[in-house]
Amino acid sequence: MKQEQFDPFSLVAEELSLVANRLRAMVVAEVPKLASAAEYFFKVGVEGKRFRPTVLLLMATALNVHLPEPAAASVGDTLTTDLRTRLQSIAEITEMIHVASLLHDDVLDDADKRRGIGSLNAVMGNKLAVLAGDFLLSRACVSLAALKNTEVVSLLATVVEHLVTGETMQMTTSSEQRCSMEYYMQKTYYKTASLISNSCKAIALLAGQTAEVAMLAFEYGKNLGLAFQLIDDVLDFTGTSASLGKGSLSDIRHGIVTAPILFAMEEFPQLHSVVYQGFDNPENIDIVLEYLGKSHGIQMTRELAMKHANLAAAAIDSLPESNDENVIKSRRALVDLTQRVITRNK
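This structure is a prediction, so every number in the text was calculated from the model and none was measured.

Draft legend 1. Quick look at the overall build of the protein chain. When its secondary structure is counted, the protein chain shows 17 helices and two strands. The buried share among the 346 residues of the protein chain stands at 51%. Restricting to contacts in the protein chain with at least 6 residues of sequence separation, those with at least 24 account for 74%. Just so you have it, the protein chain exposes about 16200 Å², and 55% of that area is on carbon and sulfur atoms.

Draft legend 2. The arrangement of the pattern of salt bridges in detail. According to the stated counting rule, one finds six salt bridges in the structure shown. A salt bridge links arginine 22 to glutamate 92; the nearest nitrogen and oxygen atoms lie 2.8 Å apart. Taken as a pair, arginine 22 in helix α2 (residues 13-26) and glutamate 92 in helix α5 (residues 77-109) lie far apart in primary sequence, 70 residues in all. The partly exposed category is assigned to arginine 22, whose relative accessible area is 27%. Its relative accessible area of 2% is what places glutamate 92 among the buried residues.

Draft legend 3. Looking closely at the side chain of threonine 94. You can see threonine 94 is positioned in helix α5. The contact partners of threonine 94, leaving out residues within four places of it in the chain, are Arg52, Leu56, Leu195 and Ser199.

Draft legend 4. How the structure looks around the packing of helix α16 (residues 297-317) against helix α17 (residues 325-343). Direction vectors running N to C along α16 and α17 enclose 175°, while the axes themselves pass 9 Å from each other. By the angle class used here, α16 and α17 are roughly antiparallel. Along its contact with α16, which presents Arg302, Ala305, Met306, Ala309, Asn310, Ala312, Ala313, Ile316 and Asp317, the element α17 presents Arg331, Leu334, Val335, Thr338, Gln339 and Ile342.

Draft legend 5. How the structure looks around helix α7 (residues 126-146). Relative to the 30 Å expected for 21 residues at 1.5 Å per residue, α7 spans 31 Å between its end C-alpha atoms, a close match to the ideal helical length. Among all positions in α7, only Leu128, Ala129, Ala132, Gly133, Phe135, Leu136, Ala140, Ser143 and Leu144 are buried. Lysine 148 occupies a position one or two residues after α7 and carries a positive phi of about 55°.

Draft legend 6. Local environment of unusual backbone geometry. The backbone of lysine 148 shows a phi angle near 55°, a positive value even though the residue is not glycine. Topologically, lysine 148 is positioned in the loop between α7 and α8 (150-171). For lysine 148, a relative accessible area of 75% translates into the label exposed.

Draft legend 7. Geometry of the packing of helix α4 (residues 51-62) against helix α10 (residues 181-206). It is the contact of α4 with α10, at a shortest axis distance of 9 Å, that shows an interaxial angle of 25°. With respect to α10, the element α4 is oriented roughly parallel. Crossing hand, α4 versus α10: right-handed. Contacts between α4 and α10 involve Arg52, Val55, Leu56, Met59 and Ala60 from the former and Leu195, Ile196, Ser199, Cys200 and Ile203 from the latter. Looking at side-chain class alone, the contact of α4 with α10 contains eight nonpolar, one polar and one charged residues.

What counts, and at which threshold
- Residues numbered from 1 in each chain as written.
- Predicted model: local features only at pLDDT ≥ 70, side-chain atom pairs only at ≥ 80, totals over all residues.
- Heavy atoms only, no water.
- Helix = DSSP H or I, 4+ residues; strand = E, 2+ residues; numbered from the N terminus.
- Buried < 20%, exposed > 50% of the residue type's maximum accessible area, 1.4 Å probe, protein only.
- Contact = heavy atoms within 4.5 Å.
- Areas by Shrake-Rupley, 256 points an atom, 1.4 Å probe, with all protein chains shown as cover.
- Salt bridge = Lys/Arg side-chain N within 4 Å of Asp/Glu carboxyl O.
- Axes fitted to C-alpha atoms, helices over the stretch in contact; angles between N-to-C directions.
- Parallel < 35°, antiparallel > 145°, perpendicular 65-115°, else oblique.
- Expected span 1.5 Å × (residues − 1).
- Left-handed = near helix turned anticlockwise from the far one by under 90°.
- Nonpolar A, V, L, I, M, F, W, Y, C, P; charged D, E, K, R; others polar.

Have a look at this one:
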């Protein structure tokens, strides 16, 4: 089978727009103010990369749950149709939880931009942004309950708890914790990787897969999520150009110490005292950037991201063999995504 160049997103493009339309319908509210707030990031054009729904729909096919052919909708197909709709539902729930967490995070960080437009809190105020996030979470809960699968409900309820835990860990760190790679990776799992890993697992469970397969789906999501965030950390320093110091530096300006700095600190222990002082003083930011440039921090973070990307790909390669062409294509797309996460520059 030849490796042709293909875009993982194109395999699920039609289904993604179906999910997007359903999401727009799901976030309608009776009160106009709440309605316009809740639909803010679901409007056409500001839906973001839709990275998570893409992964989940590919995972559904990779685990042998197909999109039914419209022409061949015989009686036997209603089961597949129904199951595929349930799996689409996981993609919708995941996206609602994700957007709710963005709305709340932007309030906490006092952010003024998101996806290239004004953040909701900047445009409509903190109160409405908080309520819109709550509303999206409640809509996600209703959809989740409709699946009538207690294990899946439990998985995704835990995700919401993890998002809160991760955000709190980031807000309230002691100096020791700020310098700990272990603490940082745990926080990153909670804030970024838990959502995608648990929803991948939910896809496998709803598809009636074994515990082993569900675990592989989980491992894929977890490692993909960690790789994604590690590259985000790199891009915060490097930006779209390869040279250092062209990024937005938003993490360090918020006093958040990420992997590149943690690796630099291992090389240059004298950085500890600077990091302990914090970054209210802009001079400290310059010192850290100078050391980061001398260190292998960026390179080591990229290597750690690659390690996780390879673990994600390995999880897909460990799935039970299949000779179904669509299954093979979707698995190849999932593996391809692990590499795209590493090589992206935005």
